[in-house]
Structures are given as C-alpha cells and as structure tokens.
Amino acid sequence: MIRTAESPRPTRRTVDTHCPYCALQCGMTLSRGAGTEVAPRDFPANAGGLCQKGWTAPALLTSPARLTTPLVRVAGELRPASWEAALDLVASRLLEIRAEHGPDAVAVFGGGGLTNEKSYLLGKFARVALGTSQIDYNGRFCMSSAAAAGVRAFGVDRGLPFPLTDLAGADAVLLAGANPAETMPPFLQHLRGAGAKGGLIVVDPRRTPTAEQANLHLAPAPGTDLALALGILHAAVADGHMRQSYADERTTGFEAAWRIAAAYWPEQVERITGVAAADQRRAAELLAGARNAYVLTARGTEQHATGTDTVSAWINLALALGLPGTRGSGFGCLTGQGNGQGGREHGQKADQLPGYRKIDDPAAREHVAGVWGVRADSLPGPGRSAYELLDVLGTEHGPRALLVFGSNVVVSAPRSAHVTERLSALDFVVTADLVLSETSALADVVLPVTQWAEEDGTMTNLEGRVLLRRKALDPPVGVRTDLAVLAGLARRLGQPEGRFPADAETVFTELRAASAGGPADYSGVSYDRLRAGEALYWPVPGEAHPGTPRLFLDGFAHPGGRARFVPVRHTGPAEPPDERYPLHATTGRVLQHYQSGAQTRLVDELNDTVPEVFVEVHPDTAERAGLAEGGLALVSSRRGAVTARVRRVGSMRRDVVFLPFHFPGEARANLLTNPALDPVSRMPEFKVCAVRLSKEDGAE
Ligand code: SF4
C-alpha cells in the first residue's frame, strides 16, 4: 500500500518565501495557523500579486497523493520499501549496469524547477559519482533556443538582463510568443505603462488573453515568426528608423544580416505570415518612436526547429533600434520554469559545468575539477541533448538505466508515446518525486522527496536575481530532500564522506566556488546576504560586489564588447501542412495548470476549472470537420492522436488549432508534437506540427 502524507508539522508560524511554480517567483508569506495559507507580499516581481496557482500552492503540501515512503517494483508492482533497502538497490543496480556496459549506460535527467543547489549537485553526481556524460534536463525543452541566441548575440545568456521593474518605464514593448496573462498574470502590471501609451505589441497566432490587451496584435501563421521579425526589421530600416550610430559603435555584422532581411519587405512577409504589411510597419514605428522600448520573447517563438534563428531575428530587430544595453530599453526572454534561469547555469545540461562554463573548455574543467577534488581528465565530455538522450534509451548504443529528478518526461517530452516506449525498454528507472507522476509510475524505484516549503534552497528568477527560498515546514515523515538522496547514493557508489553534502547552504557554498570566474559568477552571493534581503543579480564576483542588475550598459560580453547581428533566413516549420494533415497544431499553457500538470492536477480548485484537454478551433474549421461545441474531436498527427473537447473560438486562425499540454495518458498534447530539433539549441519543435481534425469516432 502507498502511504499518503499527514499534515506537515510547523517549525515556524510565518515565513517569507516564493511560489513553487513559475520563473516570476512571486514573493509570498506562508503562515501556519489552523491550516497552511499563503499571502502575496510586496516583492518587486509580483508587487503584491499572485495568480490562482500561487494562492492554492499550500494544497500541494497536504495532498493525499504525496508519497511518503520509497517504492520498489516487485513482480510488476510498486511496493513500499525502507530507505536503506531502496538506496541499496539503486546503488547496486547502477554499479552492475555500469560494470557491464560502461559509465555512459547510466543516464540522468534533471529539471528547471530544481533549486540551484540540486541542479549543481545533480551535475556533479552524474560526472563524479556515476562518471557519465549522459545528463540533460527539461530546460532543453524550455529555454535553450533563447539561451543559444543570447550567447550568440551578447556573449552571455541571462533571460532579462535588467530588473523587471524597468519595464514600467517603457513606451513600447513587443512580446513575441508570450502569454503572461495566463502563464504569469502578476507580470502584466509591468506592461501597464506601455499599454497605456499605446505601445503594447503582441505576436501570437492566437488571440490569447494577453493579445486581447495589446494595442497591436500580430497573428502570424505558426512557424513564421522569423519571417515576421525580418519584415519588421526591413520596415524599420527602410522607413529610416535604424539607429546607425549605435550599430556602428556597439555592434558588428549588420551588413550580413541586412543582405538577407532586404529580401523580406513587408508585402512579401505578409504573403508568408498572413500579417498585414501595414501592421508590420506600425510595429516598427511604435518601437522606433518610443523613448524606451523592449523586445521580449518566450516559448511561442522559441520552441521551433528554427528557434535559435528566430530569436536571433528578434535580437537583430532590437539591435537595429539600439535597444540592448541601453538604460531603460532592451531585449530579453521570459524564462518559464521556476528555476529555469539558475537551472541552466550550474551543470545539469549536457554540455555544461557550473557557473555557465562549457564542459569542453580545458580551463573550465581544471577549475571545476579542482573544486570537486578530482582530476580534470576524469570528467566526462559533453553528452546527448534531452530528446536525443530520451530517443536512444534502451537501444543498443543508448543508456540502460535512467535517474529522473524534477521532471515528468512521459507527459512533457515531444512525441511522447515514443519516449514512453523508450523508458519502458530500460533495464532500470529511478525517479525522485513528490507524487506518483506518470513517469514515476513506470519506474523501478521511486524515492519520495521534499518540496518548496519543506526545504532550504536558492532559485534564480527570470531577471537573474538569486532568491533564498527558506524552509517553512517540516516535511511529512518518511520524505527526504533530493540533496540527501544524492548524498546517500554517492556514499553507496563509493564516494568519500563529505564530497556530496546534504545541507543546502553547504552545497551553495561549494557552488559559489565552482562558479567563481565563470559567466554566471555566484561567488559573492551568500545565504547571509540573501537572508539580509540584498537584491543580488548575477554576476556577483565577490562578497563586496553589489551584483549586476543591468548587464551590457558598458559593453557586451563578447571580446571587444560589441553585440553581434546574426544573419538568419526564414525556412518555415519542419512539418508543413499537407493534404492529409492540413492544419497547424500549436500547444501551450492555461492559467490553472503548470507544465505537465503533475502538481496542479492535484489541486481541486485548479483541476475542477480545467479538468481535461480541449482543442480550440475556428467555428468554420470545426464546421467542416462536423465538430460541435463541447463535442469530442480526434486530433491526429503523424505521431499519434488525442481526443479533446471542442471549443469553437471565433478569433482563432482558420488554419490553426490549439491544445494545452498539461494532461496525461491519451490526452497528452505531446502525442502529436514533432521532435524535429533546432540544430544549435537542440530544442524540439513543440509549437507547430501538422494535424487533421475529425470526429472522435474517426469519421472524417
Ligand atoms: Fe506568481 Fe508564477 Fe506562482 Fe503564479 S505561478 S503565483 S505568476 S510565481
């Protein structure tokens, strides 16, 4: 029998903390009286606001679905086991598999919701305790294209290289592929200034709640954002809005980028995207005419097989207008997962070491190996990216065992039926989880771990600000922290005592040393400074350093200090519609749910509001497929099919359907999605694939 959680025992009555979900990391106060409650607090990112997910977050702490004992599969069933027995089993099986097939036969998969300490220790555990190169994480599905484009243009990637509150002074903001009205509602208050001045531009194929609030909504066909960015750049240059002196002094490469953009005049781009040429020119005018302006991207424009080039196209536009590195203006991307920023800096990515260092850089290897007390040549090299790793699990040349921390890949990976098959082909799967998620349900061993309010740890929000999330409650009896799990496994794998500490502050102290001198330098961030309320934005290279709220004011991170235009051209979606699959499907989030829904589906108030997958479709398109409002549709792609409740939405493009991706089993939107990968970031093309619609009984 699986034990469920009892009410947590309080250790303090009131604690300032942060929301467990998205990268806005809203400040909240958790208080414990008759029950556990949260209230928003005056923190700059949310300024007293919380969304429904934040308000209901305490329900996670007492969910009857919480796991409180390790589970081990016996005769096909998961059964309760002691921690000793479970950890002994995991260590012995990993050692066996490694002895038989080599260190890369064991793979590790992390998550963008893990604290900095967990991300760091997980990367170290993979490289040192397991000796495997096969580690990646779900942030590859989230931020990797924006990160790659940011590094290419600016020399370093920090989602927002300025404090969020700077946006309030903007006259114009272009949001490309972002729907914060549903994903992070308190963020909208930072856009009020631009909206009031008529300068809020939203690029999204759907008329989302965010697009409803825009002064100008541009709705390109899915997969054509890159062409749209080129069209607006063309209009800006042709209409005399180019900031030539900025380009001359602070950038390189405009001519090469322009040679391509010159062929994308607005009327030509209208034919590709469906966005009126006049609206493209209007967008260019609004941005160029603003005293302060920002271009911001998010997953809608990034999760494509051309995601890196698409973000580069938006950056080129921002550079032509002289925005990045200018006080009061800029370019940024809106990180999604709670620790999407810190999670990509400290070593759980296949090609990376802590401090945002590259794993194939000899100097980086020497530095980190020195902190870890191992030889640099003992560290493995780069491994496979997330989808490429999942795709080869259990194959002749792929890993035989997988450890999953903070991720639910059965729901969140593209082409999810295939990924489920690959997991099932493994010899051994271990998960560390709060509840029996869809991925944990397939595991051989499930280790119950603590969550946000039950542990100390740091998160780095979408601005690059490091936050201390303090322990407010004792976890349920029987639950351990992920750090304790890694420490316990490391000892059993033969690591010396103390090399894998279980205390968060001790791990963070080591992270500081490992990151010192790297692009994301946390060496000057300490728990004491965070406890004292200091607002520390990385890099913070030293205890006396005040942090860096605004990057790039004095120069970009490339040698010579200049930003780089990158020449990019439109190629379109990897899978264009055709006669068999005539529609574009795009996927995204709803207000009530977060990522794979493993947590929010447990909260009645959220799940009762949106309990099942739906498909938004234009009434004319629905009519042609014989689909009534509230009926069931079968949405099919080359990879699978989803049965979804029909919502006829007059503002949808006739060639597009939308499905949220929070639901499990046969309702997984990712049964449809295309794993075509971006050549630079290895981001899968979540945001567009070709589908057809029919009645649920299959009649077309
Ligand atoms: Fe804030 Fe995001 Fe939590 Fe909502 S989910 S309360 S926007 S941190």
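Residues numbered from 1 in each chain as written. Predicted model: local features only at pLDDT ≥ 70, side-chain atom pairs only at ≥ 80, totals over all residues. Heavy atoms only, no water.

A. Fine view of the overall build of the protein chain. For the protein chain, the helix and strand inventory stands at 24 helices and 30 strands. The globule rule puts the C-alpha radius of gyration for 700 residues at 27 Å, and the 24 Å found for the protein chain is close to it. Reported as C-alpha extents along the three principal axes, the dimensions of the protein chain are approximately 70 × 65 × 55 Å. Out of the 700 residues in the protein chain, the part that is buried amounts to 64%. Sequence separation of at least 24 residues holds for 73% of the intrachain contacts in the protein chain that already meet a minimum separation of 6. In the form shown here, the protein chain has an accessible surface area of approximately 22,900 Å², with 49% of it arising from carbon and sulfur atoms. In the protein chain, 72 side chains carry a positive charge and 76 a negative one; their mean positions are 2 Å apart. (Helix = DSSP H or I, 4+ residues; strand = E, 2+ residues; numbered from the N terminus. Rg over C-alpha atoms; globule rule 2.2 N^0.38 Å. Buried < 20%, exposed > 50% of the residue type's maximum accessible area, 1.4 Å probe, protein only. Contact = heavy atoms within 4.5 Å. Areas by Shrake-Rupley, 256 points an atom, 1.4 Å probe, with all protein chains shown as cover. Lys, Arg positive; Asp, Glu negative; His and termini not counted. Charge placed at Lys NZ, Arg CZ, Asp CG, Glu CD.)

B. Fine view of the sheet that holds strand S10 (residues 216–218). Across the sheet, five strands lie side by side as S10-S9-S8-S12-S13; this open sheet has parallel pairing. Edge positions in the open sheet fall to S10 and strand S13 (330–333), since each of these has one partner strand only. Each strand of the sheet is rotated relative to its neighbour by a mean of 15 degrees, with strand direction disregarded. Looking at chain direction, strand S8 (residues 172–176) and strand S9 (residues 200–203) are connected through four bridges and run parallel. In the sheet register, Leu-174 faces S9, and the bridge partner there is Ile-201. (Pairing = 2+ DSSP bridges. Axes fitted to C-alpha atoms, helices over the stretch in contact; angles between N-to-C directions.)

C. Structural detail: the site of the ligand. Lining the immediate surroundings of the ligand are Cys-19, Tyr-21, Cys-22, Leu-24, Gln-25, Cys-26, Leu-50, Cys-51, Lys-53, Gly-54, Met-184 and Pro-186. Split by residue class, the shell around the ligand holds nine nonpolar, two polar and one charged. (Near = heavy atom within 4 Å. Nonpolar A, V, L, I, M, F, W, Y, C, P; charged D, E, K, R; others polar.)

D. Layout of the environment of Pro-324. Tracing the chain through its elements places Pro-324 in the loop between helix H15 (307–320) and S13. A C-alpha to C-alpha distance of 8.9 Å links Pro-324 and Pro-161, two positions 163 residues apart in sequence. Residues contacting Pro-324, with those up to four places away along its chain left out, are Phe-154, Tyr-246, Arg-250, Ala-318, Leu-319, Gly-330, Phe-331 and Phe-556.

E. Structural detail: the nonpolar core. Within the largest apolar cluster, 120 residues are counted, with the highest numbers of intra-cluster contacts made by Phe-125 and Trp-314. Counting residues per element, this core draws most heavily on helix H9 (residues 225–238), at nine residues. Inspection of this core shows a minimum of three residues originating in each of domain 2 (71–141 + 339–519) and domain 3 (145–334). Every residue in contact with Trp-314, bar those within four places of it in the chain, is listed here: Leu-174, Ala-176, Val-203, Asp-225, Leu-228, Ala-229, Ile-232, Val-295, Thr-297, Thr-301 and Phe-331. Cys-22, Leu-30, Ala-211 and Tyr-294 belong to the second-largest nonpolar core, a separate cluster that totals 47 residues. (Core = buried A, V, L, I, M, F, W, Y, C linked by side-chain atoms within 4.5 Å. Domains from an automatic or database assignment.)

F. Just the side chain of Lys-687, in detail. Looking at the element boundaries, Lys-687 is found in the loop between strand S29 (684–685) and strand S30 (689–695). Among buried Asp, Glu, Lys and Arg side chains, Lys-687 stands out as unpaired, with Asp-204 the closest opposite charge at 8.7 Å. With residues up to four places along the chain from it excluded, the contact list for Lys-687 reads Pro-222, Arg-299, Gly-300, Gln-303, His-304, Ala-585, Thr-586, Thr-587, Gly-588 and Phe-661. (Salt bridge = Lys/Arg side-chain N within 4 Å of Asp/Glu carboxyl O.)

G. Main features of the pattern of salt bridges. Scanning the model with the defined rule gives 36 salt bridges in all. Salt-bridge contacts for Arg-93 lead to Glu-96; the nearest nitrogen and oxygen are separated by 2.7 Å. Pair noted here: Arg-93 and Glu-96 are both in helix H3 (residues 83–101), with a separation of three residues, about one helical turn. Overall, the relative accessible area of 43% leaves Glu-96 in the partly exposed class.

H. Up close: helix H16 (residues 362–372). Ala-364, Arg-365, Val-368, Ala-369 and Trp-372 are the residues of H16 that are buried. Axial view of H16: buried residues confined to an arc of 120 degrees, hence all on one face. Opposite the packed face of H16, turned more than 90 degrees from it, sit the exposed residues Pro-362, Ala-363, Glu-366 and Gly-370. Contacts from the buried residues of H16 go to helix H4 (116–130), strand S14 (352–353), strand S15 (357–358) and helix H21 (504–515). Its side-chain oxygen placed 3.0 Å from the backbone nitrogen of Ala-363, Asp-361 serves as the N-cap of H16. (Arc of directions from axis to C-beta. Polar contact = N/O pair within 3.5 Å; in protein donor to acceptor, adjacent residues only side chain to side chain.)

I. Region of interest: the packing of helix H12 (residues 266–273) against helix H13 (residues 277–289). Where H12 meets H13, the axes come as close as 8 Å, and the angle between the chain directions of the two elements is 115 degrees. Seen from above, H12 lies across H13 with right-handed handedness. Of the residues in H13, those in contact with Pro-266, Glu-267, Val-269 and Glu-270 of H12 are Ala-277, Gln-280 and Arg-281. The residue inventory of the contact of H12 with H13, partitioned by class, reads three nonpolar, one polar and three charged. (Left-handed = near helix turned anticlockwise from the far one by under 90°.)

J. Here's a closer look at the domain arrangement of the protein chain. Segmentation of the protein chain into domains returns domain 1 (13–62), domain 2 (71–141 + 339–519), domain 3 (145–334) and domain 4 (583–695). Of note, the centres of domain 1 and domain 4, computed from C-alpha atoms alone, are 30 Å apart. Facing seven residues of domain 1, the contacting portion of domain 4 comprises 11 residues. Interface of domain 1 and domain 4: buried area, both sides summed, is about 900 Å²; carbon and sulfur atoms make up 64% of it. Of all residues in domain 1, Tyr-21, Gln-52 and Lys-53 give up the largest surface area on contact with domain 4, accounting jointly for 59% of the area buried on that side. On the surface where domain 1 and domain 4 come into contact, there are zero salt bridges. Remark: the boundary between domain 1 and domain 4 carries two residue pairs in polar contact (both at pLDDT 80 or more). (Buried area = accessible area lost by both parts, 1.4 Å probe.)

K. Unusual backbone geometry, seen in detail. Residues Trp-538 and Pro-539 are joined by a peptide bond in cis, for which omega reads 0 degrees. Here the phi dihedral of Gln-25 falls at roughly 50 degrees; this positive angle occurs in a residue that is not glycine. Phi at Tyr-356 is positive, roughly 65 degrees, even though this residue is not glycine. Within the secondary structure, Tyr-356 sits in the loop between S14 and S15. Take Tyr-356: its relative accessible area is 14%, and that puts it in the buried class.

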